[in-house]
Amino acid sequence: MTGVFLLNTGSTIEEGRLAKGGSKLTDDYTRECAVCEMNLADFLAMGSPDRVKVTSRDGHSVVVYAYGAEKLSSGQVFMPRAIWSNVVVDPETFSSGSPLYKGSPVKVEPSNDMVLSAEELTAKLYKLQKRG
Amino acid sequence: MVTKNIVCPVCGASCDDIQVELEGQGLTVRNACKMGNAKFQEVVSPHRIKEPLVRVDGDLRRASWDEAIEMTARILANSERPLLFMGSETSTEAMEVGIHMAEFLGGIADSNSTVCHGPTTMGIQEAGRVGATAGQSKSRADLTVYWGSNPLESMPRHMSRYAVYPRGYWTQRGRFDRTVICVDPRRSITAENADLHIQLNPNTDYELLSALLTLLHGKRPHQTAEEVTGVSISEMEKMLDMMKSCSFGAIYVGLGIASSYGKHRNAELAFNLVKELNSHTKFVIGALRGHCNVAGFNQIASYLYGFPFGLDFARGYPRYNPGEYTAVDVLRDRDVDAAFILSADLVSHFPAACSEYLAQIPVACIDIAPCPTTMISDVVLPGVIDAMECDGTFYRLDDVPIYFQPFTSSPFSFTESNVDTMNQIFKRVKRIKGK
C-alpha cells in the first residue's frame with residue numbers, strides 16, 4: 001500500500017532531551033527522530049516496512065524508520081519535530097508566517113534506501129552554494 | 001555549593017525553582033525535567049562551541065573573536081535586506097538589540113514566536129483574549145483543557161507545577177479536584193492521562209470549535225459536523241457540559257491549533273468560544289509556549305514597534321504583514337540576501353525550501369552546540385547560556401516577566417552574554433556604515 005497521509009509533527013520528550021542537550025548530530029538523535037509512526041493497520045497493509053520514503057507536495061523527500069502504533073487513526077502519520085520531518089513540512093503559511101507543521105499531505109511508500117543522520121542529510125540536501 | 005531558585009532556560013514554563021550544584025566539571029541539577037537537565041549539562045558539555053568559527057574556502061575554521069565579529073558585521077552591513085532572526089532561549093535584552101539592528105539596517109526582524117504561536121497571536125489581535133496568570137489557574141482551575149497540545153512531552157512540568165497536580169487555594173486536593181480534557185488527533189501520553197480525550201480528525205479544529213459554539217448557542221450542529229470532525233455530537237455535548245459546569249476552566253492551546261489548517265482562524269474561534277463561555281462560568285485561555293522566552297519577542301516587539309512579530313523596516317518604519325515579511329515566507333520566496341540567527345536552528349526546524357536558500361546566502365549565527373544551522377553558517381559565534389552564565393529577562397508562557405540570575409559566569413574572555421555579543425556586532429555594523 002502506498003498512499004497520501006496527513007503528517008502530524010510534534011514533540012517527543014526524548015527529542016526534547018537530545019535537542020536541548022546539544023545532541024542533534026548524534027546517532028541517538030537519529031534513532032529517536034528519523035522515524036515515521038503509522039496507524040498499525042496502515043503499517044501492516046504496507047507490508048511492515050523497516051524504512052519508508054516520505055515525500056511532500058513540493059517534491060522534497062526523506063527516508064526514515066517506520067513503525068506501527070495504536071495512537072493514530074488510519075490515514076495519519078506522526079514524525080517527531082526535527083530535520084527529517086521538516087524536510088517534508090509544507091512551506092505554505094496561509095498568510096500567517098507559520099508553515100503547516102501539522103496536517104501537511106505527504107506520500108508514504110516503503111524504501112530500501114539508507115536513513116541519513118542530521119549531518120548527512122544537511123550535507124546532502126542543503127549543499128553549500130554560497131554567493132557573495 | 002547549592003544555588004537555589006535558578007530559572008530554567010528551556011520551555012515556556014520558565015520554571016524558577018531549579019537547584020544546581022556545580023563542582024568542577026560535574027553539575028547536579030534538582031527539580032528540572034528531562035529537557036531542562038539536558039540543557040543545564042551544556043555548561044560542562046564537551047561539545048560546547050568554545051571558539052569562533054569562520055568559513056574560508058568552503059570550510060569552517062577557527063578564528064579570532066575580532067575576526068568573527070568583523071565578518072558578521074560585514075555580512076549584515078553589505079546586505080540590502082537582511083533577516084535578523086531572534087531565537088527564544090535567550091534574553092529579551094539580546095532580542096531588543098537585534099530588533100534595533102534590523103531597524104538600523106532596513107531589514108526584517110522575526111523570531112521563533114512566528115512559527116510557534118504566531119497564528120495564536122494573530123487570533124488574539126482578531127478576537128481579544130480572556131487570560132490569567134499560571135498562578136490563578138493553579139489556585140482556581142477545576143477544569144483543564146489541553147487543545148492541540150501534549151505538555152507531558154513538550155512542557156513536562158506544566159501539569160505538575162501549574163495546571164493539574166498542584167494543590168491550589170481552591171483546589172486543595174490537587175488532581176482529585178480537577179478534570180482534564182485533551183483534544184488531539186493522536187492518542188498522546190497526555191490524552192491517555194486525561195479524563196476525556198476528544199480524538200478529532202486532523203485539520204478540523206475550526207469545525208469542532210464552530211460546532212461547540214453552535215451547541216453553546218442552544219442549537220444543534222449540522223449532522224455533517226460528525227463526519228468532518230470525527231467527533232460525535234453526543235461527545236461534543238459531553239465536553240461542553242463539562243466546560244459549562246466547572247467553576248473555573250482553563251484552555252491551553254498548542255500547535256495543534258496554530259500549525260494546522262485554519263491557522264489564526266482556529267485561534268480566533270477558540271478565543272471567541274472562551275469569551276462566550278464566560279456567560280456561564282469563569283473561563284480563560286492561554287498558549288503553551290515552546291521556549292522559555294518565545295513570548296518575550298512578542299512583548300518587546302509590540303511595545304517597541306507596535307507589532308508582535310515579522311517586522312519589516314525596509315521603508316525605515318515598521319511594517320507588519322504575516323505571510324509577506326515573516327521569516328519562513330521571505331526565505332521560501334528568496335526575499336532576503338543574508339541572515340543573522342541568534343540561538344535558533346532554522347535549518348532543522350524550517351521547511352526544506354527555506355533551508356535550501358539559507359545554504360545559498362551569507363549566514364552568521366550565535367549558538368552553543370553544533371547543529372545543522374552551524375554547518376551551513378559562514379560565521380559561528382559561541383553563545384553564552386542565559387540564566388546559567390548571565391542575567392536577563394524571560395517572559396513566561398503567561399506573559400509574566402521573569403528576571404533570572406546566573407549561577408556561574410561566561411566561560412569566554414571576549415563576551416559576557418549574548419547581549420554583549422549583540423552590542424559588539426551592532427557597534428561594528430555602525431562603524432562600517434560610518435555612523
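Details of the structure are given in the entry above.
Everything in this summary refers to the structure shown in the same document.

The rules behind each value
Here the residue index of a chain counts from 1 through its sequence in written order. Chain labels run from A onward and ligand labels from 1 onward, assigned in the order the entries are written. Local features in this predicted model are restricted to residues of pLDDT 70 or higher, and side-chain atom pairs are both shown and tallied only at a pLDDT of 80 or more, whereas totals for entire chains, interfaces and linings draw on every residue. Hydrogens and waters are ignored; side-chain quantities use all the structure's heavy atoms. We call two residues in contact when some of their heavy atoms are within 4.5 Å. Think of a salt bridge as a Lys or Arg side-chain nitrogen and an Asp or Glu carboxyl oxygen that are within 4 Å of each other. In this classification, Asp, Glu, Lys and Arg are treated as charged, Ala, Val, Leu, Ile, Met, Phe, Trp, Tyr, Cys and Pro as nonpolar, and every other residue, Gly included, as polar. A run of H or I in DSSP becomes a helix once it reaches four residues, and a run of E becomes a strand once it reaches two; helices and strands are each numbered from the N terminus. Remark: exposure states derive from per-residue accessible area (1.4 Å probe, protein chains only) relative to the maximum for the residue type, with buried under 20%, exposed over 50%, and partly exposed in between. Strand pairing is defined by DSSP finding a minimum of two bridges between the two strands. Comment: axis = line fitted to C-alpha atoms, over the contacting stretch for helices; angle = value between 0 and 180 degrees taken between N-to-C directions.

## Focus: the interface of chain B and chain A
Contact residues are listed per partner, giving 67 residues for chain B and 52 residues for chain A. At the boundary of chain B and chain A, one finds four salt bridges. A salt bridge links Lys 34 of chain B to Glu 14 of chain A, with the nearest nitrogen and oxygen atoms 2.2 Å apart. Residues of the side of chain B that touches chain A, tallied by class, amount to 33 nonpolar, 18 polar and 16 charged.

## Things to note about unusual backbone geometry
All names here are of chain B. Not every positive phi belongs to a glycine, and Asn 203 is a case in point at roughly 65 degrees. With respect to the helices, strands and loops of the structure, Asn 203 is situated in the loop between strand S10 (196–198) and helix H10 (205–216). Here Asn 203 falls in the buried class, since its relative accessible area comes to 17%. We note that Asp 399 has phi near 65 degrees; this positive angle belongs to a residue other than glycine. Checked against the element boundaries, Asp 399 lands in the loop between strand S18 (392–395) and strand S19 (401–404).

## What about the sheet that holds strand S16 (residues 363–367) of chain B?
All names here are of chain B. Read from one edge of the open sheet, nine strands run S5-S4-S17-S16-S15-S6-S7-S13-S14, paired in mixed fashion. Taken across any chain shown, the strands that pair with only one partner, and hence form the sheet edges, are strand S5 (59–62) and strand S14 (319–320). Sheet topology note: the strand S7 (residues 108–111)/strand S13 (residues 311–312) ladder contains two bridges and is antiparallel. Bridged to Ile 108 within S13 is Asp 312. Along the sheet face, helix H15 (residues 294–305) touches strand S6 (82–86), S7 and S13 and points at about 150 degrees away from the line of S7. Against the sheet, helix H20 (residues 418–432) engages S6, strand S15 (338–342), S16 and strand S17 (379–382), with an angle of about 155 degrees to S15.

## Looking at the sheet that holds strand S2 (residues 18–23) of chain B
Residues and elements named next belong to chain B. The three strands are arranged S1-S2-S3 in an open sheet whose pairing can be described as antiparallel. Lying at the two open borders of the sheet, with one neighbouring strand each, are strand S1 (2–6) and strand S3 (26–30). With strand direction ignored, the average angle separating the axes of adjacent strands in the sheet is 25 degrees. Two elements, S1 and S2, share three bridges in a ladder whose sense is antiparallel. What sits directly across from Thr 3, in S2, is Val 20.

Just geometry here; none of it tells us what the structure is for.
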